Amino acid sequence: MTSAENTFRIGLLGRGTVGGAFATLVPEHADRIEVMTGLRPTISGVLTRSSGSFDEILKRSDLIVELLGGIAPAREYVLRAMRAGRHVVTANKQLLSQHGEELWDVARSEGVQLRFEGAVAGVVPVIRVLQESLAGARIDRVHGIVNGTTNFILTEMARTGMTFAAALAEAQQLGYAEADPSEDVDGRDAAAKMAILARLAFDTPVHLDQVRYEGIEQIQPDDLEYARELGLGLKLIGTAERIGDALSVRVHPAFLYPGHPLASVSGPFNAVTVESEAITEITMSGPGAGGPQTASAVLGDVISAMIPPASTPPTTAVLEIVQDVTSAFYLHLEVADEPGVLAQVAQVLALQGVSVKSVVQKGLGDQARLVMVVHPVLESRFFAAMTQIARLDFLRAPPRAIRVLEEEFG
Ligand SMILES: NC(=O)c1ccc[n+]([C@@H]2O[C@H](COP(=O)([O-])OP(=O)(O)OC[C@H]3O[C@@H](n4cnc5c(N)ncnc54)[C@H](OP(=O)(O)O)[C@@H]3O)[C@@H](O)[C@H]2O)c1
């Protein structure tokens with residue numbers, strides 16, 4: 001039997017995929033948590049669209065777990081809970097990437113905790129590592145595969161040669177993609193997560209609107225096939241990196257050479273690589289989503305909140321966010337099978353200062369293709385060259401380009 005004094009009351013907002021799993025997990029772990037913390041966690045109320053009242057739940061709770069998703073009414077409930085002196089745990093990346101500064105300010109001024117490990121990379125403890133373990137390191141770059149749906153699709157396309165549409169249908173069938181997968185496949189979900197990681201890694205405000213993102217809908221099976229011959233594998237990569245005194249945060253498909261720490265992350269898994277001179281490089285990987293997995297990250301946050309303290313400190317810098325960065329590229333050209341084609345392409349590239357690292361010429365006649373990887377160059381110069389190449393009369397289809405991540409640490 002547990003007396004009211006040693007009970008820790010959790011108000012649960014949302015009982016969907018993650019909230020439902022969380023409601024199951026709490027009683028399963030209550031004995032263990034009571035031994036660890038001296039307090040026995042209980043769910044004191046649950047809010048869904050059809051049941052529960054936020055005001056009633058707030059009155060009866062020591063901590064609020066927000067698993068509604070979206071901005072409204074989640075933002076209002078999280079703010080009201082903190083202003084009423086309650087700790088809050090959330091997995092809501094859209095909310096934090098658009099209203100994080102407001103929420104973290106209120107958490108600090110009210111002296112309550114706002115924890116959000118489940119918001120990025122599911123159960124992979126990347127938030128905690130950035131906030132606590134690496135608080136003493138000056139981080140230079142964070143790379144992440146932070147969307148399991150797209151990683152599953154790209155893995156299947158590479159493994160079987162299937163189209164994007166077929167791989168997406170398979171992901172939906174297996175429960176790795178939602179009925180409406182648009183925010184996953186267009187890169188916006190990963191962009192929200194990268195905004196949160198960048199905020200923590202670089203102590204600077206980063207809003208979702210400042211993150212450039214591209215998705216994977218345009219990837220063709222033959223891009224993967226040709227790239228394999230060049231030793232490359234494709235991932236949807238989120239990057240946040242210092243460039244001089246500024247910061248670039250972006251999400252786009254990128255080819256990786258096999259030695260890159262993210263190259264072997266396949267299927268619905270997530271991984272994040274943190275690079276800093278002091279630590280060289282740390283990679284964390286694991287299941288990126290799923291009800292029970294994310295609920296376990298949420299419960300970890302609840303236990304941490306039961307044993308204080310942790311907070312997101314105020315930003316220490318306002319870094320300019322730059323949009324034009326240096327990248328290597330894979331370039332895929334469907335060309336007429338005639339002499340002089342490679343020389344003309346090379347000339348256009350050279351005029352923009354783009355130099356070629358490797359090239360393969362494939363096929364004959366209607367199947368002739370020129371596939372190359374170019375050395376890192378300012379993206380604006382590469383795209384200027386691509387616009388000129390698109391006008392060359394021997395091109396049979398618009399050129400296709402995908403970034404390539406060069407491996408260099410420290
Ligand atoms: N699913 C994952 O694998 C995963 C992974 C990481 C993070 N997350 C994040 O976790 C959060 C929850 O995701 P989920 O997949 O569990 O969502 P979900 O399955 O759609 O569940 C949402 C829950 O919130 C309730 N709800 C939504 N709007 C409401 C409103 N206006 N008033 C009252 N209740 C409302 C729903 O009520 P009804 O039951 O009445 O519909 C449902 O119980 C999101 O922020 C998501 O981004 C999810």
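Treat the numbers as computed from the prediction; the structure is a model and nothing was measured. (Residues numbered from 1 in each chain as written. Predicted model: local features only at pLDDT ≥ 70, side-chain atom pairs only at ≥ 80, totals over all residues. Heavy atoms only, no water.)

A.B. asks: Tell me about the site of the ligand, and name the residues and values.
C.D. replies: The immediate surroundings of the ligand are formed by 19 residues, with Arg15, Thr17, Val18, Arg49 and Gly290 found nearest. Between an oxygen atom of the ligand and a main-chain N or O atom of glycine 290, the distance comes to 2.8 Å. Protein contacts shield 74% of the accessible area of the ligand, which totals 910 Å² for the unbound molecule. Its residues assigned to classes, the shell around the ligand comprises six nonpolar, 10 polar and three charged. (Near = heavy atom within 4 Å. Polar contact = N/O pair within 3.5 Å; in protein donor to acceptor, adjacent residues only side chain to side chain. Areas by Shrake-Rupley, 256 points an atom, 1.4 Å probe, with all protein chains shown as cover. Nonpolar A, V, L, I, M, F, W, Y, C, P; charged D, E, K, R; others polar.)

A.B. asks: Break down the pattern of salt bridges for me, citing the residues and quoting the values.
C.D. replies: Summed over all chains, the structure comprises 29 salt bridges. Its salt-bridge partner being aspartate 189, residue lysine 93 comes within 3.3 Å of it at the nearest N-O pair. In this pair, lysine 93 is assigned in helix H4 (residues 93-110) and aspartate 189 in helix H9 (residues 188-202), connecting sequence segments 96 residues apart. Owing to a relative accessible area of 23%, lysine 93 belongs among the partly exposed residues under this scheme. For aspartate 189, a relative accessible area of 5% puts it in the buried group. (Salt bridge = Lys/Arg side-chain N within 4 Å of Asp/Glu carboxyl O. Helix = DSSP H or I, 4+ residues; strand = E, 2+ residues; numbered from the N terminus. Buried < 20%, exposed > 50% of the residue type's maximum accessible area, 1.4 Å probe, protein only.)

A.B. asks: Provide a residue-level description of helix H12 (residues 341-351), including the pertinent values.
C.D. replies: Within the sequence span of H12, burial applies to Val341, Val345, Val348 and Leu349. Down the axis of H12, the smallest arc covering the buried residues is 100 degrees, so these residues share one side. Residues Ala343, Gln347, Ala350 and Leu351 are exposed on H12 and point more than 90 degrees away from its buried face. Tucked inside the fold, the buried residues of H12 contact strand E13 (326-334), strand E14 (356-362), strand E15 (369-378) and helix H13 (379-390). (Arc of directions from axis to C-beta. Contact = heavy atoms within 4.5 Å.)

A.B. asks: Now, about the environment of leucine 247: what can you tell me, with residues and values included?
C.D. replies: Relative to the helices and strands, leucine 247 is located in strand E9 (residues 246-256). A relative accessible area of 0% places leucine 247 in the buried class. Measuring from C-alpha to C-alpha, the distance between leucine 247 and glutamine 344 comes to 36 Å, with 97 residues separating the pair along the chain. Excluding its chain neighbours within four sequence positions, the residues that come into contact with leucine 247 are Ala198, Phe202, Thr204, Val206, Glu241, Arg242, Leu319, Glu320, Ile321 and Val322.

A.B. asks: Help me get a handle on the packing of helix H1 (residues 17-37) against helix H11 (residues 291-306), residues and values and all.
C.D. replies: Where H1 meets H11, the axes come as close as 8 Å, and the angle between the chain directions of the two elements is 40 degrees. With respect to each other, H1 and H11 are oriented oblique. Both H1 and H11 take part in a crossing whose hand is right-handed. Touching Thr17, Val18, Ala21, Phe22, Leu25, Val26, His29, Ile33, Met36 and Thr37 of H1 are Gly291, Pro292, Thr294, Ala295, Ser296, Val298, Leu299, Val302, Ile303 and Met306, all from H11. The class makeup of the residues in the contact of H1 with H11 is 14 nonpolar, six polar and no charged. (Axes fitted to C-alpha atoms, helices over the stretch in contact; angles between N-to-C directions. Parallel < 35°, antiparallel > 145°, perpendicular 65-115°, else oblique. Left-handed = near helix turned anticlockwise from the far one by under 90°.)

A.B. asks: Mind laying out the environment of glutamate 56, listing which residues take part and the relevant values?
C.D. replies: Of note, glutamate 56 is situated in helix H2 (residues 54-59). Take glutamate 56: its relative accessible area is 37%, and that puts it in the partly exposed class. A sequence separation of 45 residues divides glutamate 56 from glycine 11, and the C-alpha atoms of the two residues are 9.5 Å apart.

A.B. asks: Hey, could you go over the nonpolar core for me, with residue numbers and the actual values?
C.D. replies: Among the nonpolar cores identified, the biggest contains 85 residues, and Met82, Leu114, Val120, Ile153, Leu197 and Tyr330 are the most heavily contacted of them. Aside from chain neighbours lying at most four places away, what touches leucine 114 is Val78, Met82, Val88, Thr90, Leu96, Leu103, Trp104 and Ala107. (Core = buried A, V, L, I, M, F, W, Y, C linked by side-chain atoms within 4.5 Å.)

A.B. asks: Tell me about a nonpolar patch on the surface, residues and numbers included.
C.D. replies: A cluster of nonpolar side chains, namely Leu342, Val356 and Val359, defines an oily patch on the protein surface of about 180 Å² accessible area. Within the secondary structure layout, valine 359 lies in strand E14. Residue class for valine 359 comes out partly exposed when judged on its relative accessible area of 37%. (Patch = residues over 30% accessible without salt bridge, like charges linked within 9 Å, V, L, I, M, F, W, Y side chains within 5 Å.)

A.B. asks: Account for the pairing of strand E3 (residues 63-66), naming residues and giving values.
C.D. replies: Side chains Leu63 and Val65 of E3 all project onto a buried face; the interleaved residues Ile64 and Glu66 project onto the opposite face, where all are buried too. Where strand E1 (residues 7-13) meets E3, four bridges bridge the pair, whose relative direction is parallel. Across the sheet, the residue bridging to isoleucine 10 is leucine 63, located in E3. One crossover worth recording links E3 to the parallel strand E4 (residues 87-90) by way of helix H3 (residues 74-83), and it is right-handed. (Pairing = 2+ DSSP bridges. Right-handed = clockwise from strand over helix to strand, strands pointing away.)

A.B. asks: Tell me about the sheet that holds E4, and please be specific about residues and values.
C.D. replies: Within a sheet, neighbouring strands are paired by backbone hydrogen bonds and run either parallel or antiparallel to one another. Taken together, the five strands give an open sheet; going across it, the order is E2-E1-E3-E4-E5, and neighbouring strands pair in parallel fashion. The open sheet is flanked by strand E2 (40-47) and strand E5 (114-115), the only strands paired with a single partner. When E4 meets E5, the two strands line up parallel, connected through two bridges. In the sheet register, valine 88 faces E5, and the bridge partner there is leucine 114.

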